[in-house]
Amino acid sequence: MKVLVIGGGGREHAIVWALARSAKVTEVVCAPGNAGIAQVARCVAVDVGDLAAMVRVVEAERPELTVVGPELPLSLGVVDELTKRGFRVFGPTRAAAQLETSKAFAKEFMRRHGIPTAAYALCTTLEEVHRELPGFSVPLVVKAGGLAAGKGVVICDSHLQAEQAAAQMFSGALLGVEETEVVIEEFLDGEEVSFFALCDGKHAVALAAAQDHKRIGEGDTGPNTGGMGAYTGDGLLSAEMEQWLLQNVAQRVVDEMAMEGTPFHGILFCGMMMVPQSDGTTQPVVLEFNTRFGDPETQAILMRLETDIVDLFEAAIDGTADKLAIRMRPGASVCVIAASAGYPGKYVSGLPIAGLDSVQDPDVVVFHSGTALKDGEIVTAGGRVLGVTAVSRATAVAPGTASGPGSKGGSPLWDALGKAYGALAGISFEGMQFRGDIGWRALRDGL
């Protein structure tokens, strides 16, 4: 089978990598791809913001399966256009993708259907922001209404700061595009978890849970980014909590989207805040939905996926996800992002990357997020440049034993982290920055 992947970041590199390992796949094409993807797939130039151009590429390549990686093509309706032309496509329609592309749609959808989410106000003018702010205590959150590449969330310690953030969103000064709507939201304290479900229009099936590190600085400080690292592993969620999220969030979304005439096919990413309660329990609350694989969570998740990834894509398209047994490799995996100096602000591209050939561990893969080939040399071409990803050989054993989860030296996550940071030590480019504390919460809790 010939498979075409739309996108060119670290998530798409991980998807291409997984497809190349499938016995069902004879050729992988990626549009546009990057320097790392070009090592395992044939890359074809395309602008993922140009709907007609993407359709032309697929029509020229005639793949048996097309996989849409990023959110922008989904927001443009690439799945709708390709499906109309008879192509098999993995991903939601433009209408279903509104769960991610429109904060207003997602919040109102959750309100209608009783899905737990933070208190909020939708504002289309700065005057509305000024009027709504007194109803929120500080800190509070201001969110861009549309797509913002993970950087459209500002946590504000005062109402004045919130007004300034909203003004910058409306003017385009913050994100480079003028927002027509912003969301003022209650600040929730707790731990974030990304819960991924495979959806086929009728059924939601649990894929994996992961934890992303969105802030640029160690200890979760500084501005939000597209994600500086992520980890996944056994025990991140209890079996009971995973089942609760599956039934009360993911399956409810699938059921209600179908009832509203917009069936959801693809990956539903449920960004959850696990809010501690006074009685010692935890209340899961939805922060956001994404309607595709996350980045950098995908890099870590696919390193552990044992089920053929083609089976996931075809089940979502054919409505047979409930018949699929998804198998994950026991243990843990981690992705550490190496970013350009200045990210998530201004940064310089075109810098040579050294040491990529030094990574020889079979449990480590360096996924390229923002790279290009220049005069035969791989150079930086983005804010997030590389995702050094490792999977553990260790598996969890009983707590209290010499190598149990309470002992860092014996935990699967510690094993994966050692491999990832060890590989990262041999890679360099001018101004390279990365967080040295990925997975710190899990290590603190002995996972």
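Since the structure is predicted, the reported quantities are computational estimates derived from the model, not experimental observations.

(A) Inspection of the confidence of the model for the protein chain at higher detail. Overall, the prediction assigns the protein chain a mean pLDDT of 93, with 95% of residues at 70 or greater. Segment residues 396–408: pLDDT under 50, and 17 contacts once partners within four positions in sequence are set aside and those in other chains are kept.

(B) Up close: the environment of Ala-23. Of note, Ala-23 is situated in the loop between helix 1 (10–20) and strand 2 (27–32). It is 8.3 Å that separates the C-alpha atoms of Ala-23 and Asp-308, two residues lying 285 residues apart in sequence.

(C) Expanded view of the packing of aromatic side chains. Taken as a whole and judged by the stated rule, the model has 6 aromatic pairs. For the pair Phe-196 and Phe-269, a centre-to-centre distance of 4.7 Å together with 75 degrees between the ring planes defines the contact as edge-to-face. Of this pair, Phe-196 sits in strand 10 (residues 191–200) while Phe-269 sits in strand 15 (residues 265–276), and the two are 73 residues apart along the sequence. Note on accessibility: Phe-196 and Phe-269 belong to one class, buried. Among the aromatic side chains, those forming a connected cluster through ring pairs are Phe-90, Phe-293 and Phe-313.

(D) Structural detail: the nonpolar core. Core analysis: the largest hydrophobic core is formed by 59 residues, its most contacted members being Leu-99, Phe-195, Leu-268, Phe-289 and Val-334. Sorting elements by how many residues they give to this core places helix 9 (residues 239–259) first, with 8 residues. Formed by 41 residues, the second largest nonpolar core is a distinct cluster that contains Cys-30, Ala-41, Leu-302 and Ile-309.

(E) Spotlight on unusual backbone geometry. For the bond running from Ala-31 to Pro-32, omega is 5 degrees, close enough to zero to count as cis. Following the sequence through the fold, Pro-32 ends up in strand 2. The amide bond that connects Asp-295 to the next residue, Pro-296, takes the cis arrangement and shows omega of 25 degrees. Here the phi dihedral of Arg-62 falls at roughly 55 degrees; this positive angle occurs in a residue that is not glycine. With a phi angle near 55 degrees, Asp-220 is a residue other than glycine that sits in the positive phi range.

(F) Molecular detail of the sheet that holds strand 21 (residues 384–391). Strand order in the open sheet made by the 8 strands is 16-15-10-11-14-17-21-18, with antiparallel pairing throughout. Of all the strands in the sheet, the pair left with one neighbour each is strand 16 (282–290) and strand 18 (364–368). Each adjacent strand pair in this sheet contributes to an overall mean axis angle of 25 degrees, direction not counted. The pairing of strand 14 (residues 229–233) with strand 17 (residues 332–339) spans 5 bridges and is classified as antiparallel. Following the sheet pairing, Ala-230 is matched in strand 17 by Cys-335. Docked against the sheet, helix 11 (residues 309–318) engages strand 10, strand 11 (204–212) and strand 15, running at close to 65 degrees with respect to strand 10. Sitting on the sheet, helix 12 (residues 412–424) is in contact with strand 14, strand 17, strand 18 and strand 21, with an inclination near 30 degrees to strand 17.

(G) Spatial organisation of the side chain of Thr-232. With respect to the helices, strands and loops of the structure, Thr-232 is situated in strand 14. The residues touching Thr-232, leaving out its near neighbours within four places in the chain, are Ala-208, Ala-209, Ala-210, Ala-300, Ile-301, Arg-304, Gly-331, Ala-332 and Ser-333.

(H) Highlighting the pairing of strand 9 (residues 182–186). With 4 of 5 residues buried, strand 9 is to be regarded as a mostly interior element. With 5 bridges connecting them, strand 7 (residues 140–144) and strand 9 associate as antiparallel partners. Along strand 9, the bridge assignment pairs Val-141 with Glu-185.

Reading the values: the criteria
Residues numbered from 1 in each chain as written. Predicted model: local features only at pLDDT ≥ 70, side-chain atom pairs only at ≥ 80, totals over all residues. Heavy atoms only, no water. pLDDT = per-residue confidence, 0-100. Contact = heavy atoms within 4.5 Å. Helix = DSSP H or I, 4+ residues; strand = E, 2+ residues; numbered from the N terminus. Phe/Tyr/Trp six-rings, centres within 6.5 Å; stacked < 30°, edge-to-face > 60°. Buried < 20%, exposed > 50% of the residue type's maximum accessible area, 1.4 Å probe, protein only. Core = buried A, V, L, I, M, F, W, Y, C linked by side-chain atoms within 4.5 Å. Pairing = 2+ DSSP bridges. Axes fitted to C-alpha atoms, helices over the stretch in contact; angles between N-to-C directions.

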